[in-house]
Amino acid sequence: MERELKYVGKRAVRIDGLEKITGAAKYTDDLDFGPSMLYVAVLESPYAHAIIKNIDTTEAEKMPGVRAVLSGKDFPEKFGLYLKDNSIFPADRVRYIGQQVAAVVAETPAQAEAAVKKIKVDYEPLPVLQNPLDAIKPDAPLIHPDLGKYEVVPWLYPQPGTNIAHVRKIRKGDVDKAFKEAEYVLEDWYHVPHVVHAPIETHISVALYSYDGRLTLWNSTQSPHTQRNIIAHSLKIPHKNVRVIASYVGGGFGGKAGISMEVIAAVAAMKVPGHPVKLRWTRKQEFQNSSQRQELYAHIKMGVNKEGKIIALKHELFWDVGASAEYGSNVVNATGFSATGPYYIPNVYIDSFAIYTNRPPCGAYRGFGYSEFHFGLESHIDRMAKIIGMDPVEFRRKNAIQRGQPVAYGVEMNPTGILECIDKVAEKIEWGKENKSPDPTKVRAKGFAAVWKAPAMPPNESSAAFLKFSEDGSINLLVSGMELGQGFLTAMAKIAAEELSLPLEKIRVELPDTDRNPYEWQTVASHVTWSCGNAVRRAAIDARNQILDTVSRAYHIDKANLYLEDGKVKCYTDPEFELPFEKFVIDGIEMPDGTYRGGPIMGHGMFMPEFTSAKVNPETGLGGHPNVHYTTGAGAVEIEIDKETGRIRVLKMAEAFDAGKAINPDLVEGQIVGGFVQGLGTALWEEVKFDENGRILNPNFTDYKIPTALDVPRDMNPIIVEVAQPDGPFGARGIAEHTMIPVMPAVANAVENALGIRIKDVPITPEKILNALREKGQENGN
Amino acid sequence: MNDFDYAKPVTLSEAISTYKKYGDKARLLLGGTDLVVMLDDGVIQPDIVIDLKGIDELKKLEFDGEFLHIGSRVTFNELIDSEVVKEKFPVLWEASKTVASTGVRNRATLVGNICSAVPSADSAPALLVCNAAVVIATDSGDKEVPITEFFVGPRRTILKPGEIVKEVKIRASNKKFGGSYIKLGRYDGEDLAQVGVATVVNEDREYAIAFCAVAPKPVRAKEAEEFLKGKDLTDEVLEEAAKLAVKAISPISDIRASKEYRLYVSGVLVKRSLKTSLARMNGNGPKYGERLV
Amino acid sequence: MKKEINFTLNGNPVKIEVMPNEKLLDVLRDRLGVKSPKHGCGRGECGACSVLLNGKSIRSCITLAIEVDGQEITTLEGLEKNGMTELQKSFLQHNSFQCGFCAPGMTITATELLNKNPHPDEEEVREAIAGNLCRCTGYQNIIDAILDVSKKE
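These numbers were taken from a predicted model, which means no experiment stands behind them. (Residues numbered from 1 in each chain as written. Chains lettered and ligands numbered in written order. Predicted model: local features only at pLDDT ≥ 70, side-chain atom pairs only at ≥ 80, totals over all residues. Heavy atoms only, no water.)

## Description of the overall build of chain B
Part 1 of the argument: In terms of regular secondary structure, chain B is built from 12 helices and 14 strands.
Part 2 of the argument: Over its C-alpha trace chain B gives a radius of gyration of 19 Å, about what one expects of a compact globule, namely 19 Å for 293 residues.
Part 3 of the argument: Along the first, second and third principal axes, the C-alpha atoms of chain B reach 60 × 45 × 30 Å.
Part 4 of the argument: Each of the 293 residues in chain B was classed as buried or not, and the buried ones make up 61%.
Part 5 of the argument: Averaged over its 42 positive side-chain charges, chain B has a centre that lies 2 Å from the centre of its 43 negative ones. (Helix = DSSP H or I, 4+ residues; strand = E, 2+ residues; numbered from the N terminus. Rg over C-alpha atoms; globule rule 2.2 N^0.38 Å. Buried < 20%, exposed > 50% of the residue type's maximum accessible area, 1.4 Å probe, protein only. Lys, Arg positive; Asp, Glu negative; His and termini not counted. Charge placed at Lys NZ, Arg CZ, Asp CG, Glu CD.)

What follows is the structure in structure tokens.
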């Protein structure tokens, strides 16, 4: 029976809103630890690549206030999420500027900083590699000579003796044959530079180690349990003794996924038992030494037949993952499986290379590589549509993948609302309708893009939930997903509310503590609404069953005749029957003989996608089921370009995503608008720039420009499409990362539609526009 | 930040004598929006910071019928909020609105802006086209220097230890005029200028043109001004004027823009600014403060 | 060379000894326990540390604590002394914030705007908050909430 939903899908004030608006929300730096707190400062490598010949800490140790000095001599352990190629402190060589070489723990931050300056390190500089296309050459110097010795998950394939940390290949059909048969073939290169997450809260960790071997960390993190696991594993501490307590996170975007500087706080604490130690990144350190988005050089060759069907795609992706691929290798892997974009293509050849360079380690970034490859792919789609003389929206519709069609690795596509997304965006942006600027120096045009993305996860990722009733019939719902701003807590509360028919105000769900809260893999991959949502739903159903069971036994009513409504148990066959939760959820139900039935109601649920498998043929990518499902969507912009200065303004945007079921529709819209604007930054302004030595030239907001309230479209149109995901809670699937993905290609496509120039390298700066216009003028003989 | 002493004198003479005593080991503090960042980075490590915010006479912002006096403590937001500045010195008003963001403009002062002397100082082109003068207090009395002589190079002015800028003085024009300041940044939010250009035109067809961010210091484009004198702004005249104007600049490539882009776009913007200034004089231009890029 | 300063913090007198090189943000957070202004960039570029100095928004990360001797400082804690303001209620109803880290600074700046200009238009709102960076929201729900308040009064 289809029930009408009371909470799921309804608009609501987010449950963390009040705390955040009143300033009561505690972020890690807002916690007080008392006067025994010590502070950590880090010595950073001044070289992008060098052998460490000697580290002398004797002078630093004598400095006032210093309690401990740490380096690779004390903690040479390797760590990493998928490939253990990262060092807590490098013992032998540094691989990027800003890498931590040593650290000081002192009584004040100033004392720690002063002592760090007294550490002496002898370096022997090595050649610096900054371009992945150079680093992949056979004669390139090796950044990780020990690559073959690192611990790695079975589904990544490091290539010892090279700078290739992983390569994912897809070989489906016969592309060479298909290119010969194709009526139209187009090939080209595209480039996307490094960008940073730039959360307004930088990374921070406070750690406390006690003499009995207990390590507690208060972190700004997307991954409390994964951090616990990596720390316990790398430092050989029993998991039960490691505790991660998560506060609110002041922006994550993938940058606080996995682990980075938190390991430094952990080992620093181990040197000074009994004292909490704090390590907070400065804005500059946030740029240099958290993680960045991979740089991508992509080569695309596409073949289309007479009917306008894409019959072949060769997509080669050369990713600069920086000095460590511990997390970024999975970006490379995930995009390797999915670089067809949301299209059905019978013949596919993909090579996706994770290439080491001497730039900061790269990792997860909202979109997980999909933004980067969609830039080239969706630019290419528009260009191909022009070549074959088809409207680019129509070309996308014609080739869009449908439910049941095989994706590149052979698995059938899940239900998708991609056509509805394309149509609704086209309608909202008024595709095909011309809009002239009143200013003769300016020209207006529209650009379109369609996208998809799957959560990139190990096949055995999982979520768990636990909910317990209290005497008044309210519940505490315990989960370990993180509220990053996306509305996770509100979504989980609504799912529990719906299953238990319990008003939202009776549900409390908060941020996790790994000691108390059940397991969650990580809050990444836009998967928690789906994965943890399923666990919460099962926990609520478990509790509901316990409730019905108790009432059934006490009142001798068939369970099938009982139902829950507004915090009460009711009966279909007896309209008079009504038992509020608070009457029995702890104390049980008294029987005529004075005995009781029931006891405290506690539901638990867990979820693991048992149908996924990473076991594929490494040479073809076929044979497994690496992804759970894809979320699809589309986006479009209308831009205005000043032909004289090259300046671009985006006037209007529309984006639609198939959320399956929007648990929080207003927050889904907020994700679409916010993700669009983050994407806009990468389309027009954002780029980490390096000098020839590998030093970042713009580690600040003076010269790394993220959008302000003046730089965003005045007309923003988020659209929700709902084609249910059969295994999602109430049909839901994730959308939060996806909202960034269409922006770069949509803007590039709009630029071509405005001026007839194709920019293949983001950000699309005024200077690139003017240069391209000049080249076009020269070609035309002007 | 290094350890330093802090003094907050209440008179200019007290400030000058402390400044003289410490010489180049002293730094003057007004809004601090530049200075505290430099202290924090360790770029400067003074023995003493002399806060001028205790000196009442530096708060002056008044128009005496002939001159506008902008005391050292006057912030950009105070200039923006001033009716007389908006009415009689609209180019300066327009330029002030392009400085950083409101939370910075509540502290940052015009005098601090010119004393920092970064090549991209937004207030400088406006002061240059208005022929402003800088009044400098010294232990041997005040001296007045035209703004054209004030800047020496990037982050360098003619000021010596012991000399404190008291105010900036601008004579009001008694002719009908129009002006504009166009700032090209990477985006509409807070940014440093890639190119800044101010122009003024008056009823006698006299022109003034000045740039920031495209030379080691803010500059006037005298040759172009001479060429334009008495001429109407036809397309041909504008082209020639733009060509001459960019001869006055010598931009460099940096993280914000290339030399080539700056050169090219300076020509574009000087034409746009001149046309806007003329239209404003004639009462048919965009309102002051409206975006021109 | 510690110096004693006296200032008004959220309506209450404060007397504290500071070093001349201590920043106002650090003194507020670490020594006076006022946690709503946040560390974001340390260079006055993100606005997360905004507080009101004599009613005007400033960046407490580039203000020396010693400079506020004799002045009046108001933080978010001070604004809501008598309960949530209309602006805060509007932010709540519009689900204006996501991660929430920029919220205190944004509220300070928007409060200053509405005090000065109770009925701003949309562009005036954008201009006023342009110095407060938010990485999550795209600003739309923040702007809508501010405009809503300006229409009510």
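Continuing now.
## Topic: the domain arrangement of chain C
All names here are of chain C.
Part 1 of the argument: The domains assigned to chain C are domain 1 (3-79) and domain 2 (86-152).
Part 2 of the argument: Averaged C-alpha coordinates put domain 1 and domain 2 at centres separated by 22 Å.
Part 3 of the argument: In this assembly, 18 residues from domain 1 lie in contact with 12 residues from domain 2.
Part 4 of the argument: Our count for the domain 1 to domain 2 interface comes out at 0 salt bridges.
Part 5 of the argument: Between domain 1 and domain 2 we count 4 residue pairs in polar contact (both at pLDDT 80 or more) in total.
Part 6 of the argument: Counting residues per element, the ones that place at least two in the side of domain 1 that touches domain 2 are strand 3 (50-53), strand 4 (56-59) and helix 2 (76-79).
Part 7 of the argument: In the side of domain 1 that touches domain 2, the residues fall into 6 nonpolar, 8 polar and 4 charged. (Domains from an automatic or database assignment. Contact = heavy atoms within 4.5 Å. Salt bridge = Lys/Arg side-chain N within 4 Å of Asp/Glu carboxyl O. Polar contact = N/O pair within 3.5 Å; in protein donor to acceptor, adjacent residues only side chain to side chain. Nonpolar A, V, L, I, M, F, W, Y, C, P; charged D, E, K, R; others polar.)

## Concerning the sheet that holds strand 18 (residues 442-453) of chain A
Residues and elements named next belong to chain A.
Part 1 of the argument: The sheet built from 4 strands is open, its strands ordered 18-28-29-30 with mixed pairing. Among the strands making up the open sheet, the edge pair consists of strand 18 and strand 30 (715-721). Direction aside, the axes of adjacent strands within the sheet are offset by 10 degrees on average.
Part 2 of the argument: Summarising the sheet, strand 29 (residues 648-658) and strand 30 pair through 7 bridges and their orientation is parallel. What sits directly across from alanine 656, in strand 30, is isoleucine 719. (Pairing = 2+ DSSP bridges. Axes fitted to C-alpha atoms, helices over the stretch in contact; angles between N-to-C directions.)

## Regarding the pairing of strand 15 (residues 295-304) of chain A
Residues and elements named next belong to chain A.
Part 1 of the argument: Among the 10 residues of strand 15, 9 are classified as buried, and the element is accordingly described as predominantly covered.
Part 2 of the argument: Relative to strand 15, strand 10 (residues 184-192) runs antiparallel, the two sharing 9 bridges. When the sheet's bridge partners are listed, tyrosine 184 is paired in strand 15 with valine 304.
Part 3 of the argument: Pairing geometry for strand 15 and strand 16 (residues 310-322), over 10 bridges, is antiparallel. Bridge assignment links alanine 298 to a residue of strand 16, and that residue is leucine 317.
Part 4 of the argument: In textbook terms, the turn of a hairpin is the stretch between consecutive antiparallel strands, and for strand 15 and strand 16 this stretch comprises 5 residues, one of which, glycine 308, has a positive phi near 85 degrees.

## Observations concerning the sheet that holds strand 17 (residues 347-356) of chain A
Whether parallel or antiparallel, the strands of a sheet pair through hydrogen bonds between backbone atoms.
Residue and element names in this part refer to chain A.
Part 1 of the argument: The strand order 9-17-16-15-10 describes an open sheet built from 5 strands, whose pairing is mixed. Two strands lie at the open edges of the sheet, namely strand 9 (164-172) and strand 10, each paired on one side alone. Each neighbouring strand pair of the sheet contributes to a mean axis angle of 5 degrees, computed without reference to strand direction.
Part 2 of the argument: Of the strand pairs in this sheet, strand 16 and strand 17 are connected by 10 bridges, and their pairing is parallel. Note that in strand 17 the partner of leucine 317 across the bridge is serine 352.
Part 3 of the argument: Along the sheet face, helix 9 (residues 328-338) touches strand 9, strand 16 and strand 17 and points at about 10 degrees away from the line of strand 9.
Part 4 of the argument: Against the sheet, helix 10 (residues 370-388) engages strand 10, strand 15 and strand 16, with an angle of about 150 degrees to strand 10.

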